[in-house]
Amino acid sequence: MAELAYRDALNQALAEEMARDPRVFLMGEEVARYDGAYKVSKGLLDKFGSARVVDAPISELGFGGLGVGAAMGGLRPVIEMMTWNFAILAMDQIVNSAAKLRHMSGGQLRCPIVFRGPNGAGGRLSSQHSQALEANYAHFPGLRVIAPGTPADAKGLLKAAIRDDNPVIFMEGELLYGVKGEVPDGEHVVPIGKADIKRPGTDVTLITWSRMLTAVVLPAAELLAQEGINVEVLDLRTIKPFDEEAVAASVKKTNRAVIVEEGWGYAGFGAHVSDFISRECFDDLDAPVSRVHGLDVNMSYAENLERLILPSAARVVEAVHQVLYR
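Residues numbered from 1 in each chain as written. Predicted model: local features only at pLDDT ≥ 70, side-chain atom pairs only at ≥ 80, totals over all residues. Heavy atoms only, no water.

## Looking at the overall build of the protein
Secondary structure assignment for the protein yields twelve helices and 14 strands. C-alpha atoms of the protein, sized along the principal axes, occupy 60 × 45 × 40 Å. Once local pairs closer than 6 in sequence are excluded, the contacts in the protein between residues at least 24 apart make up 81%. For the protein, the computed accessible surface area is about 13500 Å², with 53% contributed by carbon and sulfur atoms. Across the protein, the centroid of the 33 positively charged side chains sits 3 Å from that of the 42 negatively charged ones. (Helix = DSSP H or I, 4+ residues; strand = E, 2+ residues; numbered from the N terminus. Contact = heavy atoms within 4.5 Å. Areas by Shrake-Rupley, 256 points an atom, 1.4 Å probe, with all protein chains shown as cover. Lys, Arg positive; Asp, Glu negative; His and termini not counted. Charge placed at Lys NZ, Arg CZ, Asp CG, Glu CD.)

Right, dumping it as structure tokens:
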């Protein structure tokens, strides 16, 4: 095991997959000479050269489409979006081309491509740069959506995503890049679609993904433990497909569920998880499913208002108290 920052775990995954498979290449804004806006691609240009680490112009629709075409032609592109907020400009290529290619070609064509980059609030970046957008992409058939919350999962899932034959949306919490954690040595691949219990418990299931795991949910679990409340923390890791079996097994054990997501509650992915639990685990529930999410407002630039808008450990503790009728 080695302790790595989230960005370094991603860098390892990219380097290992590019060395393993010559069809893999990286393209995006400032990924080459500048080593990436968040230094995820540091050193890759020197290792693999400018044909496989490609600086793109500021045109997400353009280089996103180039990546889709390269994937159709037999390569395995990794397209870095400097932020998923900017990827809104490439939605047509992602959801109308990549996501639909296999279906509309009757299975004759594949699109093995990874779109990756930072997602969610970045710390005083205001409304246009602070959106958690995983629910948008989960809505479309044909896309896989991944949102890892730890360095180990980031590395293992990025390797799995690059090897997958489907278009993958890989969302990295923007405030996670400096977070450190233990990463297994050697070959480390995490299967897509498998959740992970980060903390076992018996009283309430806390379901989350991405940055909310380490920034909010695990700290809330520690606070609740001081009250004698033993919560189970289930990290989905993959948004689509999400691990229905793991969710059902945990809820059937604890009989209560709280879903925590950074994004907005209205039509958020937590609503889909809540719907699943309410339908499939109805007889096991001792309380209604609760949700903690970002407030339904545009993100403020002011730091104090940003803190109020985003979920907090205190709000998670309050939600747990409610489902326990305390």
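## Brief notes about the sheet that holds strand β5 (residues 114-119)
Strand order in the open sheet formed by seven strands is β3-β2-β4-β5-β7-β6-β12, and the pairing between neighbours is mixed. Both outer strands of the open sheet, β3 (53-55) and β12 (238-240), are each paired with one neighbouring strand and no more. Averaged over all neighbouring strand pairs, the angle between strand axes comes to 20 degrees, with direction disregarded. Helix-sheet contacts for helix α7 (residues 151-163) involve β2 (24-28), β4 (76-80), β5, β6 (144-146), β7 (168-173) and β12, and the interaxial angle to β7 is about 160 degrees. (Pairing = 2+ DSSP bridges. Axes fitted to C-alpha atoms, helices over the stretch in contact; angles between N-to-C directions.)

## Focus: the packing of helix α1 (residues 6-20) against α7
Axis separation between α1 and α7 bottoms out at 8 Å; the angle between their running directions is 30 degrees. Taken together, the axis directions place α1 and α7 in an arrangement best described as roughly parallel. Taken as a pair, α1 and α7 cross one another with a handedness that is right-handed. Touching Tyr 6, Ala 9, Leu 10, Gln 12, Ala 13, Leu 14, Glu 16, Glu 17 and Arg 20 of α1 are Pro 151, Ala 154, Lys 155, Leu 158, Lys 159, Ile 162 and Arg 163, all from α7. Residue composition of the contact of α1 with α7, grouped by class: nine nonpolar, one polar and six charged. (Parallel < 35°, antiparallel > 145°, perpendicular 65-115°, else oblique. Left-handed = near helix turned anticlockwise from the far one by under 90°. Nonpolar A, V, L, I, M, F, W, Y, C, P; charged D, E, K, R; others polar.)

## Quick look at the side chain of Asp 164
As for its placement among the helices and strands, Asp 164 is situated in the loop between α7 and β7. Given the relative accessible area of 13%, Asp 164 is considered buried. Only 3.3 Å separates the side chain of Asp 164 from the side chain of Arg 144, close enough to count as a polar contact. A distance of 2.8 Å separates the side chain of Asp 164 from the backbone nitrogen of Asn 166, its partner in a polar contact. With residues up to four places along the chain from it excluded, the contact list for Asp 164 reads Arg 76, Pro 112, Arg 144 and Ile 192. (Buried < 20%, exposed > 50% of the residue type's maximum accessible area, 1.4 Å probe, protein only. Polar contact = N/O pair within 3.5 Å; in protein donor to acceptor, adjacent residues only side chain to side chain.)

## Quick look at empty space enclosed by the protein
Rolled over the atoms, a probe with the dimensions of a water molecule shows which regions are left empty. Counted by the stated rule, this structure contains two cavities of 30 Å³ or more. Of the pockets and cavities examined, the largest cavity occupies roughly 120 Å³. Along its surface, the largest cavity is lined by 14 residues, and Ser 130, Gln 131, Glu 262, Trp 264 and Met 299 are the ones closest to its centre. The dominant element in the lining of the largest cavity, judged by the number of residues it contributes, is strand β13 (residues 257-264), at three residues. (1 Å grid on protein atoms, 1.4 Å probe; cavity = no way out; pocket = protein on both sides within 12 Å on 5 of 7 lines; lining within 4 Å. Points joined across faces, edges and corners; volume = space filled by probe spheres on them.)

## Some points on the sheet that holds strand β10 (residues 204-208)
Here five strands make up an open sheet; going across it, the order is β9-β11-β10-β13-β14 and the pairing mixed. The open sheet has two free edges, formed respectively by β9 (196-199) and β14 (290-294), since each of these has just one partner strand. The sheet shows a mean angle of 25 degrees between the axes of neighbouring strands, direction not considered. Alignment of β10 against β13, held across three bridges, turns out to be parallel. Within β13, the position partnered with Leu 206 by the bridge is Val 258. Sitting on the sheet, helix α12 (residues 313-323) touches β10, β11 (231-235), β13 and β14, and the angle it makes with β14 is about 165 degrees.

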